[in-house]
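What follows is the residue order along each chain.
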Amino acid sequence: MNFTQYRGPSFIRYAQMTSLNDIQCQPNEPEICRCAVISNAHMTQADSEILDSLSPWLSGEEGVCHWIHPTRYGFLLRLSASSDAIKELRRAGLSDDFCHVVTFLSEKCQASMIHFDADADLLEGFSVHNW
């Protein structure tokens, strides 16, 4: 599955509100976020280990990245919860291949969350790591 096939019906986007009256007519409207779901083969084993160490659930530390969440077979990154997620990932030592995928999905596709999952499809045009 390539990204253009994925982004069709899977992404939900509300129409732009044009005035304060429109906003007042839509109380308690939830924020809708775009989430890309891709194979964790787009990360190296070392990337997985670094993400584990950054996750507060696994590390038990307070000062770690509270926007990185391990799942049963991968990770969920809530990029919108960090002011500069990609810079933090690079500083932590994640691979260029991994950061390239995250940058593409966040900047070019406006994904605010990325779910790396063992059962998800590969994203064409990006490196694949078999580990």
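Criteria and thresholds
Residues numbered from 1 in each chain as written. Predicted model: local features only at pLDDT ≥ 70, side-chain atom pairs only at ≥ 80, totals over all residues. Heavy atoms only, no water. Phe/Tyr/Trp six-rings, centres within 6.5 Å; stacked < 30°, edge-to-face > 60°. Helix = DSSP H or I, 4+ residues; strand = E, 2+ residues; numbered from the N terminus. Buried < 20%, exposed > 50% of the residue type's maximum accessible area, 1.4 Å probe, protein only. Lys, Arg positive; Asp, Glu negative; His and termini not counted. Salt bridge = Lys/Arg side-chain N within 4 Å of Asp/Glu carboxyl O. Polar contact = N/O pair within 3.5 Å; in protein donor to acceptor, adjacent residues only side chain to side chain. Arc of directions from axis to C-beta. Contact = heavy atoms within 4.5 Å. Core = buried A, V, L, I, M, F, W, Y, C linked by side-chain atoms within 4.5 Å.

Caption draft 1: Region of the structure containing the packing of aromatic side chains. Scanning the model with the defined rule gives two aromatic pairs in all. Seen from their ring centres, Phe104 and Phe126 are 5.2 Å apart, and the 50° between their planes marks the pair as tilted. Of this pair, Phe104 sits in helix H6 (residues 96-108) while Phe126 sits in the segment after strand S4 (113-117), and the two are 22 residues apart along the sequence. When its relative accessible area of 14% is taken as the criterion, Phe126 is described as buried.

Caption draft 2: Focus on the side chain of Arg34. Its location among the elements puts Arg34 in the loop between helix H2 (20-24) and strand S1 (35-39). Summary of buried charges: Arg34 has no salt-bridge partner, and the nearest side chain of opposite charge, Glu31, is 11 Å away. A distance of 2.9 Å separates a polar atom in the side chain of Arg34 from the backbone oxygen of Cys109.

Caption draft 3: Structural detail: helix H5 (residues 85-92). Of the positions making up H5, those classed as buried are Ala85, Ile86 and Leu89. Considered in projection along H5, the buried side chains sweep an arc of 95° and stay on one side of the axis. Of the surrounding secondary structure, the elements contacted by the buried residues of H5 are helix H3 (45-54), strand S2 (68-71) and H6.

Caption draft 4: Quick look at the nonpolar core. Counting residues in hydrophobic clusters, the biggest one holds 27 residues, and the most contacted among them are Leu51, Ile68, Leu89, Phe98, Val102 and Leu105. Among the elements of the structure, S1, H3, strand S3 (74-78), H5, H6 and S4 are those that each provide at least two residues to this core. It is H6 that contributes the most residues to this core, five residues altogether. Apart from the residues lying within four places of it in its own chain, the contact partners of Phe98 are His42, Met43, Asp47, Leu51, Leu77, Leu89 and Phe116.

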